[in-house]
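In case you want the letters, here they are:
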Amino acid sequence: MSVLRDDFLWGGATAANQCEGAWDEDGKGPSVSDMCTNGSHTVTKRVTQTIEPDTLYPSHEAIDHYHRYAEDIALFAEMGFKCYRMSINWTRIFPTGMESEPNEAGLAHYDKVFDECRKYGIEPLVTISHYELPFALVQEYNGWASRRLIDYYMNYVKAIFERYKDKVKYWLTFNELNCGMMPLGNVLGTGTFQGYSGPYNEVPDDPALRLQALHHMFLASAKAVKYAHDNYPQFKIGNMIAFATSYALTCNPDDILLNQAFMREMNWYCSDVQVRGAYPAFAKSIWKKYNCELATEPGDDEILAEGKVDFYTFSYYMSTAQSAAPTQATVEGNLMGGVKNPYLKASDWGWQIDPKGLRFTLNELYDRYQIPLMVVENGLGAYDKIEEDGSINDDYRIDYLRLHIEEMKKAVEDGVDLMGYTPWGCIDLVSASTGEMAKRYGFIYVEKYDDGTGTLNRRKKKSFDWYKKVIATNGDDLA
Ligand code: BGP
């Protein structure tokens, strides 16, 4: 008997900007991701204000999912997916974000994608905004720094809710909202890089402005939740946090306090607002730390209170540690900082692998919030090799996923209400942090390479059949 629910949402996750390509087709406008060049583990990708000639912008073609969605979804169905987490590219629906009417060609595209999912009984889980802010809103308003964006976001939300009300039940308001807590979030998260060109992690940073931008995003998220609850009672709306699990490096009280502050700032600040509908008490200390005089309007508290999410989702790849001692070596990772944990090994990209940290995190979250949880990103970015016989033996990926699923099951036995699991990049796609293709996560290999070449053909990796068996046994057979 599986410890997981009978209706457990097994599946995989992608984002439009990292897989669709067709960046300027059928009326689509440029998004913030379309202004990012390629990069690598060692060379930081750049953001540009105009499209530079002879420069590779990986999102422009990506893996061409826009034209190959039917083939890709058929492969997901073959693995037995119950759920496909994907995003709608905002700029297909509103090319600049500021139009009053949506672009019919863009809307029609996602009708086809959702119909294709439904054909196989796959439940779409749609991220409304996954690093796809219309670039025009950066040029015009400096992104979410402006309160005006709440209305533009709501125009978009209303258009897609109404259009897809019979096809989509599960929605996430913003991908990894808490990346706005980090300087790295300026480009893909808050869109606060008006006029800036250069390495995407070196945008002149104004933490107070990011906190203000986040306030606008909290309001936008809450309004979307309330609008759904009022008009589409069948919908379930979740948040999405890049969970930065962190431990005190030692039991030195200085490390403990530092870690507590880190967890509050990186995780609980955004989570508490979206789940509890109000800023936590410690928010004041964060505003003070960053000299932020948060500009609010009468009624904001009510908006937040009325927009509590129905379920909590997060990405989990790694954990980190905090030390008050200045000499510790630091770690790399998706958005987070911290020091090396001597008990953990790291991936090729320096992300510290910590399956038990997933059990810890699920328990921490459920203790705090008591609402259904879902792991909507997890996985191992790795170099894959095609053998002479054409096979790809990604045992390292199977090991990573197996260990995480085992810990997920233990968390369920601990009492956590877990809805589902959608590992990241179920098909190889462009890396968000580096712009590479070489950092692969998929069960499906895509013949696309870092120089932009490749046939774009798909082939199954060893993990494909493994995951199919995992789903078929509802997680019982992980061998
Ligand atoms: C998360 C993002 C995804 C994704 C993933 C893996 O932060 O939500 O968009 O790409 O991390 O990160 P990367 O692509 O940098 O390896």
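Residues numbered from 1 in each chain as written. Predicted model: local features only at pLDDT ≥ 70, side-chain atom pairs only at ≥ 80, totals over all residues. Heavy atoms only, no water.

**Looking at the site of the ligand**
Put simply, the rule reads: We call a residue near a molecule or strand as soon as one heavy atom of that residue lies within 4 Å of the molecule or strand. Under the rule applied, a polar contact is a pair of N or O atoms within 3.5 Å (in protein, one hydrogen donor and one hydrogen acceptor; residues adjacent in sequence only if both atoms are side-chain atoms). Each accessible area is a Shrake-Rupley estimate made with a 1.4 Å probe; only the visible protein chains count as cover when residues are assessed.
Contacts to the ligand come from 15 residues, most closely from Glu176, Ala432, Ser433, Lys439 and Tyr441. In this structure, an oxygen atom belonging to the ligand sits 2.8 Å away from a side-chain N or O atom of Gln18. Residue Lys439 places a side-chain N or O atom 2.8 Å away from an oxygen atom belonging to the ligand. Across the complex, the protein chains shield 98% of the 380 Å² of accessible surface that the ligand would expose by itself.

**Observations regarding the sheet that holds strand β14 (residues 418–421)**
For clarity, the threshold we go by: When DSSP finds two or more bridges between two strands, those strands count as paired. Only DSSP runs of H or I reaching four residues or more are called helices, and only runs of E reaching two or more are called strands; each is numbered from the N terminus. All axes are obtained by fitting lines to C-alpha atoms, using only the stretch in contact for helices, and the reported angles, taken between N-to-C directions, cover 0 to 180 degrees. Here, two residues are considered to be in contact whenever any of their heavy atoms come within 4.5 Å of each other.
Read once around its circumference, the closed barrel built from 8 strands follows the order β1-β3-β4-β5-β7-β9-β13-β14, with strand pairing classed as parallel. When strand polarity is set aside, the average angle formed by the axes of neighbouring strands in this sheet is 30°. Direction of pairing for strand β5 (residues 170–172) relative to strand β7 (residues 236–242): parallel, over a ladder of 3 bridges. Its bridge partner lying in β7, Tyr170 is registered against Lys236. Set on the sheet, helix α13 (residues 395–414) makes contact with β1 (9–13), β13 (373–377) and β14; between it and β14 the angle comes to about 170°.

**A short note on the nonpolar core**
Most often, soluble globular proteins keep nonpolar side chains buried together rather than apart. Cut-off, in case you're wondering: Residues grouped as a nonpolar core are buried Ala, Val, Leu, Ile, Met, Phe, Trp, Tyr and Cys residues, joined through side-chain atoms within 4.5 Å. Throughout this description, buried means an accessible area under 20% of the type-specific maximum (1.4 Å probe, protein chains only), exposed means over 50%, and partly exposed covers the range between.
Grouped together as the largest cluster of nonpolar side chains are 142 residues, with contacts concentrated most on Trp144, Trp171 and Tyr269. A total of 12 residues in this core trace back to one element, the largest contributor, which is helix α8 (residues 207–231). Counting 10 residues, the second largest nonpolar core, distinct from the first, contains Cys83, Phe311, Met374 and Val376.

**Side note on the packing of aromatic side chains**
Note the following rule: Within 6.5 Å between ring centres, the rings of Phe, Tyr and Trp (the latter by its six-membered ring) count as paired, and their orientation is classed by plane angle as stacked under 30 degrees, edge-to-face over 60, tilted in between. Charge-over-ring placement is defined geometrically: NZ (Lys) or CZ (Arg) within 6 Å of the ring centre, and within 35 degrees of the ring normal.
Throughout the structure, instances matching the rule amount to 37 aromatic pairs. Judged by centre distance (5.8 Å) and plane angle (45°), the ring pair of Tyr141 and Tyr152 falls under tilted. Placement of the pair is Tyr141 in helix α5 (residues 135–141) and Tyr152 in helix α6 (residues 148–163), with a sequence separation of 11 residues. Centroid distance Tyr153 to Phe174: 4.7 Å. Interplanar angle 15°. Geometry classified as stacked. Of this pair, Tyr153 sits in helix α6 while Phe174 sits in the loop between β5 and α7 (185–188), placing them 21 residues apart in sequence. Take Tyr153: its relative accessible area is 0%, and that puts it in the buried class. Following the ring pairs from residue to residue traces out a cluster consisting of Phe8, Trp10, Phe76, Phe81, Tyr84, Tyr421, Phe443, Trp466 and Tyr467. The cationic tip of Lys45 hangs over the ring face of Tyr200; the distance from NZ or CZ to the ring centre is 4.8 Å. One residue, Arg368, lies across the ring of Trp268, its end atom 4.1 Å from the ring centre.

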